[in-house]
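An overview of the molecular structure
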Amino acid sequence: LAFTMTIIMVQQLSIVGMFKRVKWPEPTSSFISWTQLITFDMEILDLSCVVSVSPFSHFAGRLSIIGICICVILLIHALWVPIAHDGNFRKSCAPLMACVGTLVLIFYISVISTVTGPLQCLKHPNGLSTAVAYESTICWETEEHLAMVW
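A brief look at the structure comes next. (Residues numbered from 1 in each chain as written. Predicted model: local features only at pLDDT ≥ 70, side-chain atom pairs only at ≥ 80, totals over all residues. Heavy atoms only, no water.)

**Quick look at the nonpolar core**
Residues I66, I73, L96, V100, L103 and F107 constitute the largest nonpolar core, which totals 6 residues. Contributions of two or more residues to this core are made by α3 (55–84) and α4 (93–116). Top contributing element to this core by residue count: α4, with 4 residues. In this view, L96 contacts I73, L74 and H77; residues no more than four positions away in its chain are not counted. (Core = buried A, V, L, I, M, F, W, Y, C linked by side-chain atoms within 4.5 Å. Buried < 20%, exposed > 50% of the residue type's maximum accessible area, 1.4 Å probe, protein only. Helix = DSSP H or I, 4+ residues; strand = E, 2+ residues; numbered from the N terminus. Contact = heavy atoms within 4.5 Å.)

Have a look at this one:
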């Protein structure tokens, strides 16, 4: 429980790091960049140097992480219960639900920031607006942006 609360607190602090225009002094900027690890920000992996990823693929990938993790937990559970609990799935349901619940709490802020990312648009002098999180995506005019919003 304390671990989960610590993760959530650090994720909440990382929201401050989403304000890209604010220049934080050291050691605050180092701490805020470290919190990106806890928010499961895929940009920290910088996949663009290995493979080109469209903004929509990046968006969909960030949203699918939680589903993939839940599937892995369910697979491990399905393999472990027959071995450790003689196939009594009903008896081991509570720990599974607790584990999935903790996972949802851990990923909550990451999912919310991903979902609201395309809604945060920055207006440029040429009259176009681009998504702050996905700079190459023009807001409300491209199919890619509309797919992220809807």
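**Observations concerning unusual backbone geometry**
Following E26, the chain continues into P27 via a peptide bond in cis, with omega recorded as 0°. Here P27 lies in the loop between α1 (2–16) and α2 (28–38). Unusually for a residue other than glycine, D86 sits at a positive phi of about 50°.

**Focus on the environment of S33**
By the element assignment, S33 lies in helix α2. In this structure S33 comes out as partly exposed when scored by relative accessible area, which is 38%. Sequence-wise, S33 and G17 are 16 residues apart; in three dimensions their C-alpha atoms are separated by 7.2 Å.

**Quick word on the side chain of S129**
You can see S129 is positioned in strand β2 (residues 129–131). A relative accessible area of 19% means that S129 is categorised as buried. Ignoring anything within four residues of it in the chain, the contact list for S129 reads C121, L122, K123, H124, T137, I138 and C139.

**Details of the state of the cysteines**
Summed over all chains, the structure comprises 1 disulfide. Between the sulfur of C121 and that of C139 lies a disulfide, 2.0 Å long from S to S. Given an S-S torsion of about -100°, the disulfide between C121 and C139 has left-handed geometry. Placement of the pair is C121 in strand β1 (residues 121–123) and C139 in the loop between β2 and α5 (143–149), with a sequence separation of 18 residues. The thiol sulfur of C69 is not disulfide-bonded, and the nearest other cysteine sulfur, from C71, lies at 9.4 Å. Free of any disulfide, C99 has its nearest cysteine sulfur in C69, 10.0 Å distant. (Disulfide = S-S within 2.5 Å.)

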